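Working through the structure, step by step
Residue strings, one per chain:
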Amino acid sequence: MKKKITIIGSGFSALSAACYLAKSGHEVLVFEKNNAVGGRARQLKKDGFTFDMGPSWYWMPDVFERFFADFGKKTTDYYELIKLSPAYRVYFGVNDFIAIADNPDEIVATFESIEKGSGKQLREFIAEAKSNYDIAIKDLVYRPGVSPLELVTVETTKKIGQFFSNISRDVRKKFKNEKLIQILEFPVLFLGAKPSDTPSFYSFMNYADFGLGTWHPKTGMFDVVRAMESLASELGVQFFVNSNIEKIIVENKTAKAIVVNGEKIESDLVLSGADYHHTETLLDQQYRMYSEQYWESRVFAPSSLLFYVGFNKKIANISHHALFFDTDFYQHAKDIYDEPQWPAEPLFYANFPSLTDKTAAPEGMESGFFLVPLAPGINDSEELREAYFDKIIQRFEAITQQNIKENIIFKQSFCKNDFVEQYNSYKGNAYGMANTLLQTAFLRPKLKSKKVRNLYFTGQLTVPGPGVPPALISGKLVSDLIDKQFLKV
Ligand SMILES: Cc1cc2nc3c(=O)[nH]c(=O)nc-3n(C[C@H](O)[C@H](O)[C@H](O)COP(=O)(O)OP(=O)(O)OC[C@H]3O[C@@H](n4cnc5c(N)ncnc54)[C@H](O)[C@@H]3O)c2cc1C
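A brief report on the enclosed structure follows.

Parameters at a glance
Residues numbered from 1 in each chain as written. Predicted model: local features only at pLDDT ≥ 70, side-chain atom pairs only at ≥ 80, totals over all residues. Heavy atoms only, no water. Core = buried A, V, L, I, M, F, W, Y, C linked by side-chain atoms within 4.5 Å. Buried < 20%, exposed > 50% of the residue type's maximum accessible area, 1.4 Å probe, protein only. Contact = heavy atoms within 4.5 Å. Pairing = 2+ DSSP bridges. Helix = DSSP H or I, 4+ residues; strand = E, 2+ residues; numbered from the N terminus. Axes fitted to C-alpha atoms, helices over the stretch in contact; angles between N-to-C directions. Patch = residues over 30% accessible without salt bridge, like charges linked within 9 Å, V, L, I, M, F, W, Y side chains within 5 Å. Areas by Shrake-Rupley, 256 points an atom, 1.4 Å probe, with all protein chains shown as cover. Salt bridge = Lys/Arg side-chain N within 4 Å of Asp/Glu carboxyl O. Phe/Tyr/Trp six-rings, centres within 6.5 Å; stacked < 30°, edge-to-face > 60°. Lys NZ or Arg CZ within 6 Å of the ring centre and 35° of its normal.

1. Points about the nonpolar core
- Tyr 88 and Phe 210 are the most contacted members of the largest nonpolar core, which totals 107 residues.
- If sequence neighbours within four positions are ignored, Phe 210 has contacts with Tyr 88, Ile 100, Pro 104, Ile 107, Phe 111, Leu 122, Ile 126, Ile 183 and Leu 184.
- Counting 27 residues, the second largest nonpolar core, distinct from the first, contains Leu 29, Tyr 290, Trp 295 and Tyr 426.

Given below as structure tokens:
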């Protein structure tokens, strides 16, 4: 039966849910507080430079294909994908980097050239990672986190040990070279926790990395936002930007309406794609499922210090994605998770989209994005941002052997306070709640409220977890639950 559904927020999870719910025949209205859709994946355009404000690694292309296929479409109906070659570089010091190729055979050869015997070990590791990928990403993540039994399958029973060991330990059993170890520990950082706190089963991220490759939508990740917005519009979804939800009105333990910029809008069902913690603050206390102590006790993904930078020249000695692992990886992780503080010697990540996409910067110029992961909830000030910018640019100049600072003609920062202010993000987290063993599947915040009828949640704080592919899946999972409820009615 056709229902009127209001959706809070327009990140990937909300866009995905909007498409599925509209396809099921519902009237769907999406309300976004900011002036553009896309959530953390919004785009910044300034002085001829274009930046993706958040995600930049397009991994797991099969998940995107599966999403569009559900609507009888293909990604190529909306955007073009380029496979990056090399996928990325990891810098360990001055003129000291490892380039990760765009195919497993070359990556194996690179490993073998650095540590004798590691090529064979890598093939075995990636074979296991692929088998985990087939179980997790093709099946398990499409389960709604309602019951622990969802995780019990013939395949997972065989791999039970992998839920109680961790990536860090596994990688160390097979590899000795510190650089190779760090490269293999890097992909699970996308899941928001330390590799030593991430179950071995999550090695499927290594298959996503080495097996499936790193892709780039021709004019950036925002192509995917545009694609989903246009698919949603084709399906009849209505979008309202500059529309801040101030309250969810509950009557008779049922979500009845939302208050948008002071105006009450009634609906049959409310779905929130905004940060889960924030959504609960839109409810009166008695309708919230999780206490402040609950949120306080969770492991959150890092916040980030970001810089969007325009250079008036081309930058040398770089690749599209570049990780700067020339300082102590484990000390930085400690500064995020164990003793939260600004890291003395931060690792950082940079990308230069204009290397792949000529429209991202004016001719002869370069657009650069710099990211330093930080502890959520950390203090944030203009002075700290500037001090850290100087720190990473100096390191960048030394490592890549060039001067770039005097070539900056545009610069904008984004940090914890902006995550809070612009996205209502809990503690300014950049990408949600981490996937640790105790924060996996049915142990994550629920898609459906147990206290308020017709109130649902989606996004990176619920199932399956952080990242763009999981956000697409989260939107599908919650729509399936909603459809199930209305079929029962
Ligand atoms: C810097 C950064 C880098 C990342 N890199 C990658 C990457 O390379 N690859 C990858 O796969 N993932 C990456 N991620 C993670 C990925 O971007 C997120 O997991 C995903 O985009 C989250 O989508 P979402 O729908 O859950 O939430 P969001 O995108 O946060 O959407 C929530 C929306 O709700 C809106 N909202 C909040 N409160 C209200 C309110 N009261 N009223 C109305 N609207 C409201 C917000 O403005 C926002 O638009 C990155 C994230 C960041 C921040």
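So, next bit.
2. Topic: the sheet that holds strand β14 (residues 303-311)
- Strand order in this open sheet of 7 strands is β7-β6-β15-β16-β17-β14-β18, and the pairing throughout is mixed. Edge strands, defined here as strands with exactly one partner in the open sheet, are β7 (96-100) and β18 (408-414). Pairs of neighbouring strands in the sheet enclose a mean axial angle of 20 degrees, with direction left out of account.
- Judged from the 5 bridges that link them, strand β6 (residues 88-93) and β7 form a sheet pairing that is antiparallel. Residue Tyr 91 lies in a different strand from β7, and its bridge partner there is Phe 97.

3. Quick word on a nonpolar patch on the surface
- The grouping of Ile 160, Phe 164, Leu 437, Leu 438 and Leu 443 at the surface amounts to a nonpolar patch, some 490 Å² of accessible area in total.
- Structurally, Leu 438 is set in the loop between α14 (416-423) and β19 (455-457).
- Assessed through its relative accessible area of 62%, Leu 438 is described here as exposed.

4. Brief notes about the packing of aromatic side chains
- One pass over the full model with this rule turns up 55 aromatic pairs.
- Judged by centre distance (5.6 Å) and plane angle (85 degrees), the ring pair of Tyr 20 and Phe 67 falls under edge-to-face. With Tyr 20 in helix α1 (residues 12-23) and Phe 67 in helix α2 (residues 61-69), this residue pair connects regions lying 47 residues apart in the sequence. For the pair Tyr 20 and Phe 67, one class covers both residues: buried.
- Ring geometry for Phe 324 against Phe 396: centres 5.4 Å apart, planes inclined by 50 degrees, an arrangement best described as tilted. Residue Phe 324 is located in strand β15 (residues 321-324), and its partner Phe 396 is located in helix α13 (residues 382-400); the two are separated by 72 residues in the primary sequence. Take Phe 324 and Phe 396: they sit in the same class, and that class is buried.
- For the cation-ring pair, Arg 66 lies above Tyr 142, with the distance from its terminal atom to the ring centre recorded as 3.6 Å.
- A cation sits over an aromatic face here: Lys 391 above Tyr 388, 5.3 Å from the ring centre.

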